[in-house]
Amino acid sequence: MNTFTNLVLAAAEEAEHSIEYGDGGIFAEWAWLLVIVPFVAFVAIVFFGKRLPRQGGEIAVGAMAFVFIYAAILFVINTVEGVVFEHSVEVARIGSFAIEWGWVVDGLSSMMYLVIGLLAFLIFTYALGYMEGDVRPTWFFAAFTLFAGSMLLLVSAPNLIQLIVGWEGVGLASYLLIGHWWEDKENSSAGMKAFYVNKVADIGLVIGAFVLAIPVGSFRISDVLDAVVGNSGDIEAVAFWGAALLFIGAMGKSAQFPLHVWLPDAMAGPTPVSALMHAATMVTAGVYLLGRMYPLYAEMAAEARVPVLIIGTITLIIAGLLAVVQDDIKKVLAYSTVSQLGYMVAAMGAGAYTAGLFHLWTHAFFKGLLFLGAGSVIHSVHSNNMSDMGGLRKPMPVTFGTFVAGTLALAGIFPLAGFFSKDEILAAFNYEGYTAVLVIGVVGAFVTAFYMARTVFLTFYGTYKGHGRPHESPRVMTMPMVVLAGLAVVGGWVNIPGLYTGFTDWVGTRAQTFAEHHAESFDWPVVAIGLTAAFLGIVAGYFLYYRDEETQQARDSFRIPLLWPLLEHKYYLDDLYMNGIVTPIKGPIARFVDWTNSYVLDGIVNAAGFVTRALARFVYQDLDQRGIDLALNGVAYSTDDLAGRTRLLQTGKVQQYAGATVIGAVLLVIGFVVFG
Amino acid sequence: MGWFDNGWGLSLIVFLPLAGAIGLLLTPRKNEAAVKAISLLFTVATLVLAVLMAFRFDFGNANEFQFGTSLTWIESINSGYHIGVDGISLPLLVLSAFVTVLSVIYSFNHWPEPHNPKGFMGLTLVLATGMNGTFVALDLVLFFVFFELVLLPMYFMIGIWGDKAIMKIPGFNREAETRLYAAIKFFLFTLFGSAFMLLGFLALYFKSGEYGTRTFDIPALIELAPNFTGTFAFLVFAALFLGFAVKVPMWPLHTWLPDAHTAAPTVGSVLLAAILLKLGSYGFIRISIPILPEMAKQWAPAIAILAVIGIIYGSLACLAQTDMKRLIAFSSVGHMGFVMLGIATMTPVGINAAIIGMVAHGVITGLLFFLAGSMSHRYHTRDMARLGGNMKIMPIMGGILGFTAMASLGLPGLAGFWGEFMALFGAYSPLAGLNTTLFRTAMVLGAIGTVLTAGYMLWMLQKVNLGEPSEEWGDQHFHDVDPYEMTAWVPLVVAIVVIGVFPRLVLGATNDAVVSLVTKAFGG
């Protein structure tokens, strides 16, 4: 146990709702298995997967089942007694800084383990069906497992270096899986885009880690937060910059404006990947980072929360609007994810730590579910476009039912999961006095309900416009959807103001050290406004997009006049990045640099060579001094001599040259000594 | 094991390859089996001894020279046969012995044209002696001899077995055979640098006479370090800088590198990238900084600036390449930029970063050159526009290429990460007294360089590995990785992973030695 842990324990005893903390016993001590098992599975799949009947998918699902069960045990232990456990193994020292691998079991990480384990287990199972007949299922499951391992490495990190390792590890998995069907250049380019955007954001993460590690003398998160809470060392001077820079990293992974552009393109990957990585878990890493470092943002770097709040708020509304204009069902969900991540980030920025993480929790269930539903539809109709769908309600009843459950949860309809988490965020905006943000949040809620209603009506109502005969997906795919639908309904009941606030305690074990407002009961006006906005959104969607089977042909799609072109071009951000940054660097700038290399730098070198050679000719022919001639031979005439030397060499007298060099060098030195 | 610990072991590591070369000399050229056996035997024996040394090394005293000896050599100039390894040189020595063995094994099935295994192996062995010797020499004359000894075999390797295509010399209306142009350029460039370096060594020698007996002994000169100040020291540092900077190579003295790497036969490129480049950066750490600390500090900002230019410039140049091997060659300019940025910080963090960066670059870029060589051997082209879909044609080779490219772009968890990350970390807080603003700007630019690195590496993968294979290769049969390649590459892959996960393998040796070096040079 380190000092920060002790400090938390001390603070916890004084707290009002004091919790008895345990060390988690043997399960916490062995929690490193959570991280190691997926990596072992990855290696096993790569080497042996092809020989197995399900191409390695069984190893992947087995590993995720283990992670899920283990995470569930940790979660229960934490729920019962609260756990704070941390262990690090030093693998090197560099200067006075330790490089360590380790794992943390506390409320926040237990919650994340459970989300990752549960979602991964369900979605991996779903993928067994979805990826059947794929070109390279073995590699798919290998990379998917690599993702799970990296994500768990990230979440379990007791220090910023390990966090960065896991962080970029999930980025790698994301690159590999977005570009899974790399025969098509578009897919591999989407993977590269995700990697680049995240790499740019990672500059912030990496430098932020430096900024915080230097005054503390350690990369350990607990040491940094310890210093923050105790205000020791010089950390106060850099706290703002450290916090702001870490947030830049979070903006990349959690797809915040203006770095959100990679996430919609990431939909090029297989749908299970979109569900698990680009909706439920990986993209929440940024929110997790804010949560993990929250004691820093709480007070000492409170000013850094201002940009967090602003960026989150911008993201939630601009992405929500973009979701309205998409025809690709996965892109609707992708922009929706960006928008919901905006809610989470804005919540963190507003100082609502628990609300932000609570939304992460509920969102994982219903957005994971919606993606699985979308995948089920795509699996059936062989198209991503809603213009090829319609009327799927009857041939795909399970998909329809679960999708509607997910939609209502996302729209925030009582008593589904999204209602509670979104309401808590809006209530926090209200309590903290961010009225403008509250208004945008409510508008966002309307937009969310609207685009989801649009999606449901375009996909499941009206008449079928695609090819072939749509069919319900196999049970291996529908079962995970049913389970998630159940969670999308009940997942929010773990944090009901005034009734049961278990979630607050689960994730609060480390957050006890800062003050956070927890409402005793619902903020009823906000509840009313939020529900009204969601309801109006659905009603608007119904009027604009509901198609009866008979009148289906009558109306065209609805388009908002002024905003539409702007939205269709995604606010021109992609154009700006492509034409303003990528193309110039890749094209003219790179070519110019290469040109200077060949013509300027090498030009000087070659010119010097030719001049020397000409000079040598002149000296030899006109001055004919044997001594000079001899010296220059070695330098300028080597070209001409090479053939002759080659012949010598091929007789096998290489070593003569080595000996000659040694002797020559020694002679040179002696010469310098004698005459110098 | 007394004999092993007091000089013989180390001498064997240095001279066994040379003995092998002599053995080859006595072997008939026709008897290729004997040529292979001798070269493998001697390089493996060297590696075994080097590994044994690593196991016997006292890591608790990593700052002290171990396994060394000091004998009178050239009495008239008081130059001694003084050798030894400390925590800084040990990883590099092992790396050198390691990569040499892999190069020999790879060669068995990939003899470059003209076919002459005896000559090729002979040169490789001589090269090994030069490389190992440079890392253990503790006398400036001895250092110089080994440093120069490396030059000749490499010159011949490029000149004889290099790329025979005719190239146009840019900007001049002339043509030259690529291998000849590259070989001469490599030779003259390095010679130019080392001429100045030798002058610097001599200046130190004569100056040391003012404080006792004239000496070339590196530890003795380090003791005299506080005396080397002012214009004298400035000029000496400048001279050494030229010698080492050409070898690294640092921008703008790097232009020999793309030509030499691209023209050299595969094994030549591998050894050049994996070991030879490190001789320069090692020289900075072993000689320039401890003997001339005050000047090192004065020059640090300049080194940092050149290093960062190298990172950005090298990465941008990579983006303009069409030749896969030349792209990998240019990537070395950027990667060695990180090494030099680490050194420029003059801090324990930065210099440790430089050494682990050197080792990582050795295994990673070495493997990349192996791959580039094997691919161009099969496709008979290195033009990335014609390649593509390699993952479909040769999935195993494509997979290893993908893995290595990821390592090269500094993916955390693999070897390349630590050097980059820690060099940037060092630049965030350089040695007290250095301009923090300048170094932090360098850090940000270096971090941008990592994005560009990812840019060209992924771009290369997309062009070479992904997509559908062009019709050109449709009806041809390609042989995926053969057993010789596998034997040579798997150890490198393992090394990349192991160093990435467990960096103590390198840092455990270097850290104490580096901390002690920095403390001695710049005070507590």
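Only a predicted model underlies this, so the values are computations on that prediction, with no experimental measurement involved. (Residues numbered from 1 in each chain as written. Chains lettered and ligands numbered in written order. Predicted model: local features only at pLDDT ≥ 70, side-chain atom pairs only at ≥ 80, totals over all residues.)

Some details on the overall build of chain B
Next, step 1: When helices and strands are counted, chain B shows 20 helices and 4 strands.
Next, step 2: On C-alpha atoms alone, chain B measures out to a radius of gyration of 22 Å, which is about the 24 Å that the 2.2 N^0.38 rule sets for 524 residues.
Next, step 3: In terms of principal-axis extent, the alpha carbons of chain B reach across some 75 × 55 × 50 Å.
Next, step 4: In chain B, buried positions account for 66% of the 524 residues.
Next, step 5: Sequence-distant contacts, at least 24 apart, represent 78% of the contacts inside chain B between residues at least 6 apart. (Helix = DSSP H or I, 4+ residues; strand = E, 2+ residues; numbered from the N terminus. Rg over C-alpha atoms; globule rule 2.2 N^0.38 Å. Buried ≥ 20, exposed ≤ 12 C-beta atoms within 10 Å, placed from the backbone. Contact = placed C-beta atoms within 7 Å.)

A word on the interface of chain A and chain B
Put simply, an interface is often sized by how much accessible area is lost when its parts join up.
Next, step 1: Contacts between chain A and chain B engage 62 residues on the former and 70 residues on the latter.
Next, step 2: Listed by contribution, the elements that provide at least two residues to the side of chain A that touches chain B are strand S1 (85-94), strand S2 (97-105), helix H7 (160-178), helix H8 (185-216), helix H25 (573-623), helix H27 (638-650) and helix H28 (654-675) of chain A.
Next, step 3: The element contributing the most residues to the side of chain A that touches chain B is H25(A), with 16 residues.
Next, step 4: The residue makeup of the side of chain A that touches chain B, split by class, is 39 nonpolar, 14 polar and 9 charged. (Nonpolar A, V, L, I, M, F, W, Y, C, P; charged D, E, K, R; others polar.)

Side note on the pairing of S2(A)
Residues and elements named next belong to chain A.
Next, step 1: Among the 9 residues in S2, 7 count as buried, and that is most of the element.
Next, step 2: As judged from the 9 bridges shared by S1 and S2, these two strands associate in the antiparallel manner. Paired with valine 89 across the bridge in S2 is tryptophan 101.
Next, step 3: Between S1 and S2, which follow one another and run antiparallel, lie 2 residues, and glycine 95 among them has a positive phi close to 60°. (Pairing = 2+ DSSP bridges.)

With respect to the nonpolar core
Within soluble globular proteins, side chains that are nonpolar generally end up buried alongside one another.
Next, step 1: Ranked by internal contacts, the top residues of the largest apolar core, which has 460 residues, are Phe147(A) and Ala488(A).
Next, step 2: Here this core takes 19 residues from helix H14 (residues 348-379) of chain B, the largest share from any one element.
Next, step 3: Here Phe147(A) is in contact with Val170(A), Ala173(A), Leu177(A), Met277(A) and Met282(A), once residues within four sequence places are set aside. (Core = buried A, V, L, I, M, F, W, Y, C linked by C-beta atoms within 7 Å.)

Side note on the packing of helix H6 (residues 151-161) of chain B against helix H7 (residues 178-208) of chain B
All names here are of chain B.
Next, step 1: One way to put it is that H6 packs onto H7 with a least axis distance of 8 Å and a crossing angle of 165°. Taken together, the axis directions place H6 and H7 in an arrangement best described as roughly antiparallel. When you trace H6 past H7, the crossing you get is right-handed. In this structure, H6 uses Leu151, Met154, Tyr155, Ile158 and Gly159 to contact H7, whose residues at the interface are Arg179, Leu180, Ala182, Ala183, Phe186, Phe187 and Thr190.
Next, step 2: Of the residues contributing to the contact of H6 with H7, the split by class is 9 nonpolar, 2 polar and 1 charged. (Axes fitted to C-alpha atoms, helices over the stretch in contact; angles between N-to-C directions. Parallel < 35°, antiparallel > 145°, perpendicular 65-115°, else oblique. Left-handed = near helix turned anticlockwise from the far one by under 90°.)

A short note on helix H11 (residues 266-291) of chain B
All names here are of chain B.
Next, step 1: Look at H11: 37 Å from first C-alpha to last across 26 residues, which is about the 38 Å you get at 1.5 Å a residue.
Next, step 2: For H11, the principal kink sits at leucine 272 and spans about 40°.
Next, step 3: Among the 26 residues in H11, 26 count as buried, and that is most of the element. (Expected span 1.5 Å × (residues − 1). Bend = angle between axes of the 7 residues up to and from the residue.)

Notes on the pairing of strand S4 (residues 174-177) of chain B
Residue and element names in this part refer to chain B.
Next, step 1: Where strand S3 (residues 166-169) and S4 come together, 4 bridges link them in antiparallel fashion. Along S4, the bridge assignment pairs isoleucine 169 with arginine 174.
Next, step 2: From the end of S3 to the start of S4, which pair antiparallel, there are 4 residues, and glycine 171 there has a positive phi angle of about 85°.

Considering the confidence of the model for chain B
Next, step 1: Looking at chain B, the pLDDT average stands at 92 and 100% of residues meet or exceed 70.
Next, step 2: Across the whole predicted complex the pTM is 0.90, and at the interface the ipTM reaches 0.94. (pLDDT = per-residue confidence, 0-100.)

Thoughts on unusual backbone geometry
Next, step 1: Cis geometry is found at the peptide bond from Glu113(B) to Pro114(B), where omega equals -5°.
Next, step 2: Relative to the helices and strands, Pro114(B) resides in the loop between helix H3 (89-107) and helix H4 (117-136).
Next, step 3: A cis amide bond links Trp251(B) with the next residue in sequence, Pro252(B), at an omega value of 0°.
Next, step 4: Among the structural elements, Pro252(B) can be located in the loop between helix H9 (230-247) and helix H10 (256-263).
Next, step 5: Despite not being glycine, His382(A) has its phi angle at roughly 60°, a positive value.
Next, step 6: Mapped onto the elements, His382(A) comes out in the loop between helix H17 (353-381) and helix H18 (397-411).

Describing the packing of helix H5 (residues 140-149) of chain B against H7(B)
Any two packed helices are characterised by the angle at which their axes cross and by the distance between the axes.
Residues and elements named next belong to chain B.
Next, step 1: Look at H5 against H7: their axes get within 10 Å of each other, and the N-to-C directions meet at 170°. Overall, the two elements H5 and H7 adopt an arrangement that is roughly antiparallel. Between H5 and H7, the contacting residues are Leu140, Phe144, Phe147 and Glu148 on the first element and Ser194, Leu198, Phe201 and Leu204 on the second.
Next, step 2: Residues that form the contact of H5 with H7 fall into these classes: 6 nonpolar, 1 polar and 1 charged.

Quick look at the environment of Trp251(B)
Next, step 1: Relative to the elements of secondary structure, Trp251(B) occurs in the loop between H9 and H10.
Next, step 2: On a C-alpha basis, the gap between Trp251(B) and Gly314(B) in space is 8.6 Å, while along the polypeptide they are 63 residues apart.

Focus on the confidence of the model for chain A
For residues with low pLDDT, the predicted coordinates do not support detailed interpretation.
Next, step 1: Mean pLDDT over chain A: 83, with 85% of residues reaching 70 or higher.
Next, step 2: This model gives residues 664-676 of chain A a pLDDT under 50, and the stretch forms 10 contacts once residues within four places in sequence are excluded.

Digging into H4(B)
Residues spaced three or four apart along an α-helix face the same direction, because each turn holds 3.6 residues.
Next, step 1: Between its first and last C-alpha, H4(B) extends 29 Å over 20 residues, near the 28 Å set by a 1.5 Å rise per residue.
Next, step 2: Among the 20 residues in H4(B), 20 count as buried, and that is most of the element.

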